[in-house]
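Working through the structure, step by step
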Amino acid sequence: MIKRKDLLKTAFATDTVAVTGSTTDHRVPSGAVRAMGLSLGRIGEDAAKAEALEQQLARGELVLNLEPGLIEPSFVEDRLARTADAEFRRLVDSIRAAGQQAPILVRPHPERPGHYQVAYGHRRLSACLELARTVKAIVRPLTDTELVVAQGKENAERRNLSFIERAQFAAHLEQRGFERPVIQAALAVHPAELTRLLSVARSIPAEVISAIGPSPRAGRPRWMEFSALLAAPGGNDILAQLMTQTSFQRLSSDARFDLAIEKLRSKPTGTATSADIIRNRAGYPVIRSERSATTLRLIVDLKASPGLDEHLLALLPGIVAEFPIE
């Protein structure tokens, strides 16, 4: 008895051989049968390709070209000004000239079928939207936790978020109910640093942070000082008046921070009678002196002028030696 699979194999073979007694009979299938075999083969190939495509999408290995209008930002904001700096303009020019080199990472939108949500690559998305071109994107099914960890990891690797942006990112994640270990993973920080980030974000009103902007030159020590000065009596009143001034609003973000902290430092207190600022050639404040009745403190901003501390320490012995001390 001939099995069914052997019958099918015989029917769709290009050259079948039947043996009857001592006679060998070569049979060629009809055109209809051969066409049916080819069609079934194509269906099988298409099914295999569809399955492979589905597996690639699930693993996030496939780069697709998506319409930017179908892509929404992450549900957690991580930047104060995405497109307001010179670096973004350079990115736009680069994509215009050479195309988008690195794909962004998105997930299928959890609430809008056919739409997507960005894990990272917001600036590339904005650039492609401005240039009216499709966006190269890796589509990967991500949970909320996986999305924010991927978002934070890319920012940490690129090192392009300022301290206050990272602080706000941490605060937004906390407000959304994420646990501390998840926030630490998203920002790649240890517990003590996360505590400092959250402390600064909680102590400075969102409207103040928004008015000043990302201020990339202002690191953790200066923002922590800013937070302490703002908490002192009269601090909020000083900034509220300053932020309404058109001259303040026209400054760069770093310049707005410098002016704001300078105003807070010069506020009369019970210990310091005056505060003087020494600026470098670029106009940034690098040394602040605080004078009381019995002491003088010099505070050097090492981020603004690296190496200035060693230079001053080398000069001080000679200055003291020349000074007539009784």
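Since we're looking at a predicted model, the values are computed, not measured.

Here we look at the overall build of the protein
Secondary structure assignment for the protein yields 14 helices and ten strands. Evaluated residue by residue, the protein yields a buried proportion of 34% over its 326 residues. In the protein, the share of contacts with a sequence separation of at least 24, taken over all contacts with a separation of at least 6, comes to 64%.

Examining the sheet that holds strand β6 (residues 116-120)
Strands pair in a sheet through their backbones, by hydrogen bonds, and they do so in one of two ways: parallel or antiparallel. Spatially, β3-β7-β5-β6-β4 is the arrangement adopted by the five strands of the open sheet, whose pairing is mixed. The open sheet has two edge strands with one neighbour each: β3 (63-66) and β4 (71-72). Of the strands in this sheet, β4, β5 (104-108), β6 and β7 (135-139) touch helix α4 (residues 122-131), which is tilted by about 130 degrees from β6.

Details of the packing of helix α7 (residues 180-187) against helix α8 (residues 191-203)
Their axes nearest at 10 Å, the elements α7 and α8 cross at an angle of 95 degrees. It follows from the interaxial angle that α7 and α8 lie roughly perpendicular. Here Arg180, Ile183, Gln184 and Leu187 of α7 come into contact with α8, specifically with Pro191, Leu194, Thr195, Leu197, Leu198 and Arg202. When grouped by side-chain class, the residues that make up the contact of α7 with α8 number six nonpolar, two polar and two charged.

Considering α7
Those residues of α7 that fall on the buried side of the exposure criterion are Val182, Ile183, Ala186 and Leu187. Angular distribution of buried residues about the axis of α7 spans 125 degrees; they occupy a single face of the element. Among the residues trailing α7, Ala188 stands out with phi positive, at a value near 55 degrees.

Points about helix α3 (residues 86-98)
Taking 1.5 Å per residue, 13 residues should reach 18 Å; α3 reaches 18 Å between its end C-alpha atoms and fits that length. Of the positions making up α3, those classed as buried are Phe88, Val92 and Ile95. One face of α3 carries all of its buried residues, which in axial projection span an arc of 70 degrees. The exposed set on the far side of α3, more than 90 degrees from its buried face, consists of Arg90, Ala97 and Ala98.

What counts and how
Residues numbered from 1 in each chain as written. Predicted model: local features only at pLDDT ≥ 70, side-chain atom pairs only at ≥ 80, totals over all residues. Heavy atoms only, no water. Helix = DSSP H or I, 4+ residues; strand = E, 2+ residues; numbered from the N terminus. Buried < 20%, exposed > 50% of the residue type's maximum accessible area, 1.4 Å probe, protein only. Contact = heavy atoms within 4.5 Å. Pairing = 2+ DSSP bridges. Axes fitted to C-alpha atoms, helices over the stretch in contact; angles between N-to-C directions. Parallel < 35°, antiparallel > 145°, perpendicular 65-115°, else oblique. Nonpolar A, V, L, I, M, F, W, Y, C, P; charged D, E, K, R; others polar. Arc of directions from axis to C-beta. Expected span 1.5 Å × (residues − 1).

Any link to function would need more than the numbers given here.
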